[in-house]
Amino acid sequence: MKIFDLKNVISIKDFKKEDIKFILDESSKFEKIAKSQGTSNELSGKILGIMFFEASTRTRLSFETAMKRLGGDCIGFTGSDESSVIKGETIADTSKMFESYSDAILIRHSLEGVAKFISDLVNVPVVNAGDGAGQHPTQTLIDLYTIKKEFGKIKNINIALIGDLKYGRTVHSLSYALGIFGAKMHFISPNELKIPDEILHDLEKKKISYHETHDLKDVIDDLDILYVTRIQKERFSDVEEYERIKGAYLIDKNLIEGKSLIVMHPLPRIDEINHDVDNTKYNKYFKQAFNGVPVRMAILKNIIKH
Ligand code: NCD
């Protein structure tokens, strides 16, 4: 029985708990094909249009991989200098072109709300691949899938979200979803990069509790997951402020050795996780990046109509 009926993937807040569970279940069915064990033609003849106005490695490539592993194909651009946007074409006109060339649109943009704006203009499904400091709902599904794979559950998992909680869109989406699944959340950031009040209000409205601190040491011994984020340099209006804050938290092997936690990160990592963590059992961030493929296969399969 198909219960997933979302047309677009704009914000994780549009997902009911059942919708999330459905996508997580579907994702595990695609693990093998994602690893090239077997093939699928479920989306053969279908085209994903990729409009990326901001840099990307994992999101774009895992979506492309997902689409191709399902027998479909992709068109698109990354960076406004690759399209007529550089000549002054509006995003609205550009999206109308993508609507006529493709079966779904994947958009990343530096402005919050752009994915929603596009979804009101076109008749094909729109997937938000990150809108400024807004939301990154497909990353959240990957993060939840990773947690479920590692722990078999999300409820009561003790997780600290650390780093740039102000501008980090992955945290903005993830905190909401973790909350509805009953995880225990700790927000750890410098004062300047605290999680926005509107996100906290959303949590409070749902009666979701959380804990805030500046100091990882307060909670590190209780954690199941340390979810590290990059300080979002591109969102700072003042470069000096970025330079001052950038080294706020550095996770290295020494800090976590002997603890019973795993380390996650949506990546890219700059220097917030030392490379000496990479070859330890704590590192789950590369697996998390792989999980992008089965999860995005599940999303694409369920929003692109046959
Ligand atoms: C994140 C993003 O773009 O928000 N990257 C990703 O999609 N995995 C995180 C980041 O850029 O720091």
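The notes below deal with the structure included here.

Definitions and cut-offs
Residues numbered from 1 in each chain as written. Predicted model: local features only at pLDDT ≥ 70, side-chain atom pairs only at ≥ 80, totals over all residues. Heavy atoms only, no water. Helix = DSSP H or I, 4+ residues; strand = E, 2+ residues; numbered from the N terminus. Rg over C-alpha atoms; globule rule 2.2 N^0.38 Å. Buried < 20%, exposed > 50% of the residue type's maximum accessible area, 1.4 Å probe, protein only. Contact = heavy atoms within 4.5 Å. Areas by Shrake-Rupley, 256 points an atom, 1.4 Å probe, with all protein chains shown as cover. Core = buried A, V, L, I, M, F, W, Y, C linked by side-chain atoms within 4.5 Å. Domains from an automatic or database assignment. Near = heavy atom within 4 Å. Polar contact = N/O pair within 3.5 Å; in protein donor to acceptor, adjacent residues only side chain to side chain. Nonpolar A, V, L, I, M, F, W, Y, C, P; charged D, E, K, R; others polar. Pairing = 2+ DSSP bridges. Phe/Tyr/Trp six-rings, centres within 6.5 Å; stacked < 30°, edge-to-face > 60°. Axes fitted to C-alpha atoms, helices over the stretch in contact; angles between N-to-C directions. Parallel < 35°, antiparallel > 145°, perpendicular 65-115°, else oblique. Left-handed = near helix turned anticlockwise from the far one by under 90°.

### Some words on the overall build of the protein
So, step 1. Broken down by element type, the protein carries eleven helices and nine strands.
So, step 2. The C-alpha radius of gyration computed for the protein amounts to 19 Å, which stays within 12% of the reference 19 Å derived for 306 residues, consistent with globular compactness.
So, step 3. Expressed as lengths along the three principal axes of its C-alpha atoms, the size of the protein is roughly 55 × 45 × 40 Å.
So, step 4. Here the protein, with 306 residues, has 57% of them falling under the buried criterion.
So, step 5. Of all intrachain contacts in the protein linking residues separated by at least 6 positions in sequence, the fraction that spans at least 24 positions is 72%.
So, step 6. Summing over all exposed atoms, the protein offers an accessible surface of approximately 13,700 Å²; the carbon and sulfur share of this is 48%.

### Considerations on the nonpolar core
So, step 1. I20, L48, L144, I159, L161, L178 and L300 are the most contacted members of the largest nonpolar core, which has 61 residues in total.
So, step 2. Taken together, domain 1 (12–135 + 290–303) and domain 2 (137–289) each give at least three residues to this core, which thus spans both.
So, step 3. Residue contacts for I20: discarding those within four places in its chain leaves I12, F15, L141, L144, A177, I180 and F181.
So, step 4. One finds I162, I188, V277 and Y282 within the second-largest nonpolar core, a separate group that totals 19 residues.

### Observations regarding the site of the ligand
So, step 1. T59, R108, H136, Q139, R169, T170, R230, Q232, P266, L267 and P268 make up every residue found near the ligand.
So, step 2. Q232 places a polar side-chain atom, nitrogen or oxygen, 2.8 Å from an oxygen atom of the ligand.
So, step 3. Taken together, the residues of the shell around the ligand break down into three nonpolar, five polar and three charged.

### Some details on the side chain of S62
So, step 1. Tracing the backbone shows S62 in helix α3 (residues 58–69).
So, step 2. Of note is the side chain of S62, whose polar atom sits 2.6 Å from the backbone oxygen of R58.
So, step 3. Residues contacting S62, with those up to four places away along its chain left out, are G292, V293 and R296.

### What to know about the environment of E241
So, step 1. One can find E241 in helix α9 (residues 239–245).
So, step 2. For the pair E241 and L141, spaced 100 residues apart in the sequence, the C-alpha separation amounts to 32 Å.
So, step 3. Apart from the residues within four sequence positions on either side, E241 is in contact with E192 and F236.

### Focus on the pairing of strand β3 (residues 104–109)
So, step 1. With six of its six residues buried, β3 lies for the most part within the structure.
So, step 2. Neither face of β3 is exposed, since A104, L106 and R108 on one face and I105, I107 and H109 on the opposite face are all buried.
So, step 3. In this structure, strand β1 (residues 47–52) lies alongside β3, joined through five bridges in parallel fashion. Bridge pairing in β3 places L48 opposite A104.
So, step 4. Two strands pair when backbone bridges link them, and β3 and strand β4 (residues 126–131) are joined in this way by four bridges, in the parallel orientation.

### A short note on the packing of aromatic side chains
So, step 1. By the definition in use, this model includes eight aromatic pairs.
So, step 2. Taken together, a centroid distance of 6.0 Å and an interplanar angle of 15° make the contact between F4 and F22 stacked. Placement of F4 in the segment before α1 (17–29) and of F22 in helix α1 is noted, with a sequence separation of 18 residues between them.
So, step 3. What makes F22 buried here is its relative accessible area of 13%.
So, step 4. Geometrically, the ring pair formed by F77 and F98 is edge-to-face, given 5.7 Å between the ring centres and 75° between the ring planes. One end of the pair, F77, is in strand β2 (residues 73–78); the other, F98, is in helix α4 (residues 91–101), with 21 residues separating them in the sequence. For the pair F77 and F98, one class covers both residues: buried.

### A look at the packing of α1 against helix α6 (residues 137–151)
So, step 1. The N-to-C vectors of α1 and α6 enclose an angle of 65°; their axes lie 10 Å apart at closest approach. It follows from the interaxial angle that α1 and α6 lie roughly perpendicular. Considering only the axes of α1 and α6, their crossing is right-handed. Counted together, I20, I23, L24, S27 and S28 of α1 and L141, L144 and Y145 of α6 form the full contact between these two elements.
So, step 2. Its residues placed into classes, the contact of α1 with α6 shows six nonpolar, two polar and no charged.

### Notes on the packing of helix α7 (residues 169–180) against helix α8 (residues 197–205)
Geometry of a packed helix pair, given as the angle between the helix axes and the separation of the axes.
So, step 1. The contact between α7 and α8 brings their axes to 10 Å, and the two run at 10°. One way to sum up the angle between α7 and α8 is to call them roughly parallel. Touching H172, S175 and Y176 of α7 are I199, D202 and L203, all from α8.
So, step 2. Of the residues that constitute the contact of α7 with α8, the class distribution is three nonpolar, two polar and one charged.

Note that all results are geometric; they support no functional claim without further evidence.
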